[in-house]
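Coordinate inspection notes
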Amino acid sequence: MYREFKSPLTVQLEITSKCNHRCTHCYNYWRSDNSIETTLTEIDLIKIMENLRNSEIMQMVITGGEPMIFSNLLIKGLELAKDFGIRCSINSNSTLVTSEIAQAIKRNNSSVLTSMLSFDPDKHDSLTNSRGSCARLVKGIKMLIDEGVSVGVNMVVMKQNLYDVYKTGSFANSLGVKNFTSTKVCPSLGDNIFEKLKLDKDDNLILFDQLLRLKNESGIDVDTLTAYPSCLSQDWNKYGKFLLGRSCSAGKTFCAIGSSGKLRACVQHDEEYGNAITEPITSIWKKLGKWRDGSLLPDKCKKCQYLYLCGAGCRATCQFFGDIKSLDPDASDSCDFKPITDEKNKIELIDKNLRLKVNPIIRFREEKFGTVLNTSKSRITVVTNDSAYLLKKLIDRGVFTLDEIFCDYSLNIESAHKFMSALYSKNVLVKEDLSK
Ligand SMILES: C[S@@+](CC[C@H](N)C(=O)[O-])C[C@H]1O[C@@H](n2cnc3c(N)ncnc32)[C@H](O)[C@@H]1O
Ligand code: SF4
Ligand code: SF4
């Protein structure tokens, strides 16, 4: 049902399960049992990193637990990722930033996605169960930004902070962060507090409205990290950014590796398929077939005309409610609707005289069915091998206009114009001056 990649494109590596916070909402299902706290040894970290390189992983996130507790391990991971050509970012609560850590992040071209739960320090501290954590977070963000590190803020949204999204985003913006994501709280498997935290279906629209207002008023990049069902709302004109093309990537292009090396389909899911310290990731990956062959999808979604834009929401959430194959609780009872618009399918044609070049940070990975292009953390595009060959030629060429290449490579103007415009919208092609 989904394309069979030879290995994941993106991996989240939990270098430790240990954390200095006890967040009420944290999805880490192991957190209630301190006795099973584990941390990778440096030798095992190196083995996993070599495994990631050998399996051609394109990007990774170092996470935990709290990865900054073990700064030596974190810095080693960053250095190896850079040496191995793997794009790497960090998820952290940013309360333990030191100048050594900030400098290492900058030096290794990494970035940080940090958790903030409210602009209100008392509320933030009560949700992290750590007094003073908001003040330490603000200090950490400032240290990172002063060092020139790109920082994004992720706010996990639950009943307790639903109406704080706009103000928290504005606060993050005032600190100089680059982007703000609001992510609906998801359950921790085996937990029983979720009923008190979870958003109702309509609460998600309250969340989206605040993000859209924030974007309009401040210009900061906003998004959500949630794999929403597209049928949560039929107003795709207004909410399409959050609802379309949000397919969950667990087991399809993504997996998590825990602090004992065990590989899982998703950070929220506890099923283990093998150990990345001792087994090639490419072999373990083959065992995750059920995540991509459609067998975990509800029958209703398998027949839905919008599945290609959707992905049927979050399977781990469905498992928490009793059946991994059930309809996502945020999905509509009927997928037989006509959306208000289908923004996602509109490609704006670019000016054929625009001076362009291939994005200099592009990476290529060959698959049986074509070539994967990766230009940033969230940008994955698959093209045919012929198109990848053309892009490599265009890299050698440097700057070009579409008019020039239509002629030089005898391309069909109409289809090539659409294709190149799509590549431009996906940041594979950029304006000449942007790439300088
Ligand atoms: C588990 S944390 C680990 C890294 C670090 N300790 C932190 O809090 O950023 C990774 C990410 O998951 C988010 N997160 C934690 N619990 C969540 C939940 N129940 N639902 C959605 N996101 C959650 C955090 O905000 C953070 O962005
Ligand atoms: S800081 Fe991160 S890992 Fe620690 S409890 Fe909070 S969300 Fe979980
Ligand atoms: S019915 Fe299923 S596949 Fe269709 S839009 Fe809703 S969640 Fe997505």
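Residues numbered from 1 in each chain as written. Chains lettered and ligands numbered in written order. Predicted model: local features only at pLDDT ≥ 70, side-chain atom pairs only at ≥ 80, totals over all residues. Heavy atoms only, no water.

1. A few points about the pattern of salt bridges
- Taken as a whole and assessed by the stated rule, the structure comprises 23 salt bridges.
- One salt bridge in this structure joins Glu367 and Arg365, with 2.6 Å as the shortest N-O distance. With respect to burial, Glu367 and Arg365 carry one shared label: buried.
- With its nearest N and O atoms 3.8 Å apart, the salt bridge here joins Arg397 to Glu404. (Salt bridge = Lys/Arg side-chain N within 4 Å of Asp/Glu carboxyl O. Buried < 20%, exposed > 50% of the residue type's maximum accessible area, 1.4 Å probe, protein only.)

2. Side note on the sheet that holds strand S12 (residues 370-376)
- Read across the open sheet, the three strands follow the order S11-S12-S13; overall the sheet is antiparallel. Whereas interior strands pair on both sides, the edge strands pair on one side only; in this sheet they are strand S11 (363-367) and strand S13 (379-383). Neighbouring strand axes in the sheet, compared pairwise and without regard to direction, differ in orientation by 25° on average.
- One ladder, built from five bridges, connects S11 with S12; its direction is antiparallel. If you follow Phe364 over to S12, its bridge partner there is Leu373. (Pairing = 2+ DSSP bridges. Helix = DSSP H or I, 4+ residues; strand = E, 2+ residues; numbered from the N terminus. Axes fitted to C-alpha atoms, helices over the stretch in contact; angles between N-to-C directions.)

3. Let's talk about the packing of aromatic side chains
- Overall, the coordinates contain eight aromatic pairs when judged by the stated rule.
- Here the aromatic rings of Phe194 and Phe321 are separated by 6.0 Å at their centres, their planes lie at 55°, and the arrangement is tilted. Pair noted here: Phe194 is in helix H7 (residues 194-197) and Phe321 is in the loop between helix H12 (315-320) and strand S10 (356-358), with a separation of 127 residues, a long-range link.
- We classify Phe194 as buried; its relative accessible area is 5%.
- Each ring, one from Phe208 and one from Phe242, has its centre 4.7 Å from the other, and the planes form 20°; the classification is stacked. Remark: Phe242 occurs in helix H9 (residues 236-243) and Phe208 occurs in helix H8 (residues 203-218); sequence separation between them is 34 residues. The two residues Phe208 and Phe242 agree in class, both being buried.
- Chaining the aromatic ring pairs together yields one cluster made of Phe208, Tyr228, Tyr239 and Phe242. (Phe/Tyr/Trp six-rings, centres within 6.5 Å; stacked < 30°, edge-to-face > 60°.)

4. Structural notes on the site of ligand 2
- Every residue near ligand 2 is listed here: Cys19, His21, Cys23, Cys26, Asn28, Gly65 and Asn93.
- A class-by-class count of the residues in the shell around ligand 2 yields three nonpolar, four polar and no charged. (Near = heavy atom within 4 Å. Nonpolar A, V, L, I, M, F, W, Y, C, P; charged D, E, K, R; others polar.)

5. Here's the deal with the site of ligand 1
- Around ligand 1 sit 17 residues, and of these His25, Gly65, Ser115, Asn154 and Cys186 come closest.
- At a separation of 3.1 Å, a nitrogen atom of ligand 1 approaches a polar backbone atom of Tyr27.
- Within the side chain of Glu66, one N or O atom sits 3.3 Å away from a nitrogen atom of ligand 1.
- Every element with two or more residues in the shell around ligand 1 is listed here: strand S3 (87-92) and strand S5 (150-157).
- Class assignment of the residues belonging to the shell around ligand 1 gives a composition of five nonpolar, 10 polar and two charged. (Polar contact = N/O pair within 3.5 Å; in protein donor to acceptor, adjacent residues only side chain to side chain.)

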